[in-house]
Amino acid sequence: MSGGPEQAHGSSAGEAAADDTDWDGLQREAIAAMRRAYAPYSHFPVGVAGLVDDGRTVSGCNVENAAYGVGLCAECGMVSELVRTGGGRLTSVYCVGGDGEALMPCGRCRQLLWEHGGPDCRLMTPEGVLRMDEVLPQAFGPDNLEESR
Ligand code: THU
């Protein structure tokens, strides 16, 4: 296909349409991470890759546990790598399931992405690229803590 990322991935919303993210490359990294998932209980592997504002890429996979409730989502691993490798802001994120297609992050993980990407961070979804403030409206975040200080 000769089109840009917006054409390749269908509809985009708002300002997210204007980005120059290599979404296919990010999807490939997310799939590579997904293939490392440790998901012997759910058999639901997840991988995620994120572009950081300094140009590097971070990724993660889900890591489950015999004590089911302490399993780690893929986004937890990615955010951990983000911080460990120098921090920065996530600008684009692609999360995939076992089929390699876009998977919506769970609510808890949207909160993680909000903390490290904020409202402008772009997220690939089954409906195309959306901004974080579209997938987590009226989010609670660091600004709320400032208000009460
Ligand atoms: N999972 C993630 O890794 N990220 C999400 O955003 C959704 C769910 C994982 C957790 C668990 O290991 C498996 O998917 C099934 O819920």
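For the structure itself, consult the block above.
Let me sum up the structure you'll find in this document.

**A look at the nonpolar core**
Ranked by internal contacts, the top residues of the largest apolar core, which has 19 residues, are Val-48, Val-58, Met-78, Leu-90, Val-93, Leu-113 and Met-132. Counting residues per element, the ones that place at least two in this core are strand S1 (47-52), helix H3 (74-84), strand S3 (90-96), helix H4 (107-117) and helix H5 (132-135). Those residues within four positions of Val-48 in sequence are excluded, and the remaining contacts are Ala-30, Ala-33, Val-58, Ser-59, Gly-60, Ala-74, Glu-75, Met-78, Val-93, Tyr-94 and Cys-95. Within the second largest apolar cluster, 11 residues are counted, among which are Trp-23, Ile-31, Ala-102 and Met-124.

**Re the site of the ligand**
Taken together, Ser-42, Phe-44, Val-46, Asn-62, Glu-64, Cys-73, Ala-74, Glu-75, Pro-105 and Cys-106 form the complete shell of residues around the ligand. Between an oxygen atom of the ligand and a main-chain N or O atom of Ala-74, the distance comes to 2.8 Å. Interatomic distance of 2.8 Å between a side-chain N/O atom of Glu-75 and an oxygen atom of the ligand. Relative to its unbound accessible surface of 370 Å², the ligand loses 77% to contact with the protein.

**Looking at the layout of surface pockets**
If a probe the size of a water molecule is rolled over the atoms, the empty space left behind becomes visible. Taken as a whole, the largest pocket encloses approximately 220 Å³ of empty space. Lining the largest pocket are 16 residues; nearest its centre among them are Val-46, Asn-62, Cys-73, Ala-74 and Glu-75. Taken together, the residues that form the lining of the largest pocket break down as 11 nonpolar, 3 polar and 2 charged.

**Quick notes on the packing of H3 against H4**
For the pair H3 and H4, interaxial distance at closest approach is 10 Å and the crossing angle is 20°. Classified by the angle their axes make, H3 and H4 are roughly parallel. In the crossing of H3 with H4, the sense of the turn from one axis to the other is left-handed. Judged by residue contacts, Glu-75, Cys-76, Met-78, Val-79, Leu-82 and Val-83 of H3 engage Arg-108, Cys-109, Leu-112, Leu-113 and His-116 from H4. Residues that form the contact of H3 with H4 fall into these classes: 8 nonpolar, 1 polar and 2 charged.

The rules behind these values
- Residues numbered from 1 in each chain as written.
- Predicted model: local features only at pLDDT ≥ 70, side-chain atom pairs only at ≥ 80, totals over all residues.
- Heavy atoms only, no water.
- Core = buried A, V, L, I, M, F, W, Y, C linked by side-chain atoms within 4.5 Å.
- Buried < 20%, exposed > 50% of the residue type's maximum accessible area, 1.4 Å probe, protein only.
- Helix = DSSP H or I, 4+ residues; strand = E, 2+ residues; numbered from the N terminus.
- Contact = heavy atoms within 4.5 Å.
- Near = heavy atom within 4 Å.
- Polar contact = N/O pair within 3.5 Å; in protein donor to acceptor, adjacent residues only side chain to side chain.
- Areas by Shrake-Rupley, 256 points an atom, 1.4 Å probe, with all protein chains shown as cover.
- 1 Å grid on protein atoms, 1.4 Å probe; cavity = no way out; pocket = protein on both sides within 12 Å on 5 of 7 lines; lining within 4 Å.
- Points joined across faces, edges and corners; volume = space filled by probe spheres on them.
- Nonpolar A, V, L, I, M, F, W, Y, C, P; charged D, E, K, R; others polar.
- Axes fitted to C-alpha atoms, helices over the stretch in contact; angles between N-to-C directions.
- Parallel < 35°, antiparallel > 145°, perpendicular 65-115°, else oblique.
- Left-handed = near helix turned anticlockwise from the far one by under 90°.

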